[in-house]
Amino acid sequence: MLHSLMNHLLNPVAYMVPVLLPVALLTLFARKLLGLMQLRMGPSVVGPYGLLLPIADGVNLLIKEPVRPSTSSRFLFLATSILAVTLAMTLWAPMRIPYPVIGPNLWVLLILGMSSLAVYSILGSRCASNSKYALIGALRAVAQKISYEVSLGLILVSVIIFSGGYTLQSFSTAQESISLLAPAWPLGAMCYISTLAETNRARLDLTDGESELVSGFIVEYGGGPLAMFLLAVYASIPLLKTLSAVLYSGESLMHHFPELTTNSLMSKAALLSIVFLWVRASYPRFRLDLLKHLVWKNILPFTVALVLRHVGLPMASAGLPPQF
């Protein structure tokens, strides 16, 4: 009885620790890299070389008293932050950390479904805050997220048509001779931009521009609830970079192909994360109208044309009439 109870208590911990560790390292590495690129000191005080700073930041947020506005909803104010971090953790379920919780064959469909549900946490935080600044930030965040989810979904459809299936094994089998990044490099570039906008990271973080909306839809949050929102964002970044490495680099997860080492996949995901931070240090923030112009008048039409082309070419080569 005691052994079964301990297993029920330790299993969630064993699942969450491998997710929280890369999140902590990502926050530390982001500060180190940005400090190096901007010719200033990075974290160097808390612990040796600042290695304990992510732990100090987490403890600092969690021990703060969560101040809640008097006009806000008591239940929604906490429920939306829990929903955000729950969705972010669920996306890691097919990964072997240390074991997959669900079948990895549904990973791509899971990402599309769960990422669309994140909109409800944004809208819920706006309703819970009952603030006009949170309202404006939530409207901008939802508009940006839905816009780039459409293009990201079509990009994934194109990759699925390329590989002939939606499982991770089919992606690796299709890229045994050549990586999909070579014949489909425009899709790779648009996928990278879409993931950058999907996570609301600089320089596409128009929902929390410092000169406009302060913190966007989480402007009223602090302490533990704010830490949950930040954890949800930083947990999705390495996941999306790992997905991009799987889709375009010819690699899959270790439990599908044991001959492939995880170090190679992790190195490619880390390289994509470095470029993720490089964009923040190198480019100015987009205007909101230019960001929407980019997705609706450039990325989306081009992606639709590529999907129609990838569907029509096999039918034309087989002598079948196109059936769209």
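Residues numbered from 1 in each chain as written. Predicted model: local features only at pLDDT ≥ 70, side-chain atom pairs only at ≥ 80, totals over all residues. Heavy atoms only, no water.

Named according to an unreviewed UniProt entry, the protein is NADH-ubiquinone oxidoreductase chain 1 originating from Hemiculter bleekeri. Its UniProt record gives the protein a comment under Sequence similarities (unreviewed entry), which states: "Belongs to the complex I subunit 1 family." (UniProt positions renumbered as here; feature names shortened; annotations may be inferred.)

Peer 1: Explain the overall build of the protein to me, please; I cannot follow it from the model alone.
Peer 2: Helix and strand content of the protein: ten helices and zero strands. Intrachain contacts of the protein at a sequence separation of at least 6 include 75% that bridge at least 24 residues. Accessible surface computed for the protein: about 16,800 Å², of which carbon and sulfur atoms make up 70%. (Helix = DSSP H or I, 4+ residues; strand = E, 2+ residues; numbered from the N terminus. Contact = heavy atoms within 4.5 Å. Areas by Shrake-Rupley, 256 points an atom, 1.4 Å probe, with all protein chains shown as cover.)

Peer 1: What should I look at first to understand the packing of aromatic side chains in this one?
Peer 2: For the structure on display, the rule yields four aromatic pairs. Relative to Phe-276, the ring of Tyr-192 lies with its centre 6.0 Å away and its plane at 75 degrees, an arrangement referred to as edge-to-face. You can see Tyr-192 sitting in helix α7 (residues 185-198) and its partner Phe-276 sitting in helix α9 (residues 262-282), a full 84 residues away along the chain. Here the two residues Tyr-192 and Phe-276 agree in accessibility, since each one is buried. Ring geometry for Tyr-221 against Phe-229: centres 5.0 Å apart, planes inclined by 75 degrees, an arrangement best described as edge-to-face. On the accessibility criterion, Phe-229 (5% relative accessible area) is buried. Pairwise contacts between aromatic rings join Phe-77, Phe-217, Tyr-221 and Phe-229 into one cluster. Taking the ring centre of Tyr-192 as reference, the NZ or CZ of Lys-241 above it sits at 4.0 Å. (Phe/Tyr/Trp six-rings, centres within 6.5 Å; stacked < 30°, edge-to-face > 60°. Buried < 20%, exposed > 50% of the residue type's maximum accessible area, 1.4 Å probe, protein only. Lys NZ or Arg CZ within 6 Å of the ring centre and 35° of its normal.)

Peer 1: Quick question: what am I supposed to make of α7 here?
Peer 2: For the α-helix, the turn length of 3.6 residues means that residues three or four positions removed from each other point alike. Between the first and last C-alpha of α7 there are 20 Å, a value that for 14 residues agrees with the 20 Å anticipated at 1.5 Å per step. Burial analysis of α7 places eleven of its 14 residues in the buried class, which makes it a mostly covered element. All of the buried residues along α7 are Pro-186, Leu-187, Gly-188, Met-190, Cys-191, Tyr-192, Ser-194, Thr-195, Leu-196, Ala-197 and Glu-198. (Expected span 1.5 Å × (residues − 1).)

Peer 1: Explanation requested: the nonpolar core in the structure shown.
Peer 2: General note: in soluble globular proteins, nonpolar side chains tend to be found buried as a group. By size, the foremost hydrophobic cluster in this structure holds 65 residues, and its most contacted members are Trp-107, Leu-187, Phe-217, Tyr-221, Leu-247 and Tyr-248. A per-element tally of this core places helix α8 (residues 223-248) first, with 14 residues. With residues up to four places along the chain from it excluded, the contact list for Trp-107 reads Leu-91, Pro-94, Met-95, Leu-168, Leu-239, Thr-242, Leu-243 and Val-246. (Core = buried A, V, L, I, M, F, W, Y, C linked by side-chain atoms within 4.5 Å.)

Peer 1: Explain unusual backbone geometry here, please?
Peer 2: You will see that Leu-39, though not glycine, has its phi angle at about 55 degrees, which is positive. Note on placement: Leu-39 falls in the loop between α1 (2-37) and α2 (53-62). You will see that Tyr-49, though not glycine, has its phi angle at about 60 degrees, which is positive. Structurally, the position occupied by Tyr-49 is in the loop between α1 and α2.

Peer 1: Help me understand the environment of Ser-170, please; the structure alone is not making it clear to me.
Peer 2: With respect to the secondary-structure elements, Ser-170 resides in helix α6 (residues 168-174). Given a relative accessible area of 14%, Ser-170 falls into the buried group. Counting along the chain gives ten residues from Ser-170 to Ile-160, while the straight-line C-alpha distance between them is 8.6 Å. Once you skip the residues sitting within four places of it in the chain, Ser-170 turns out to touch Ser-163 and Gly-165.

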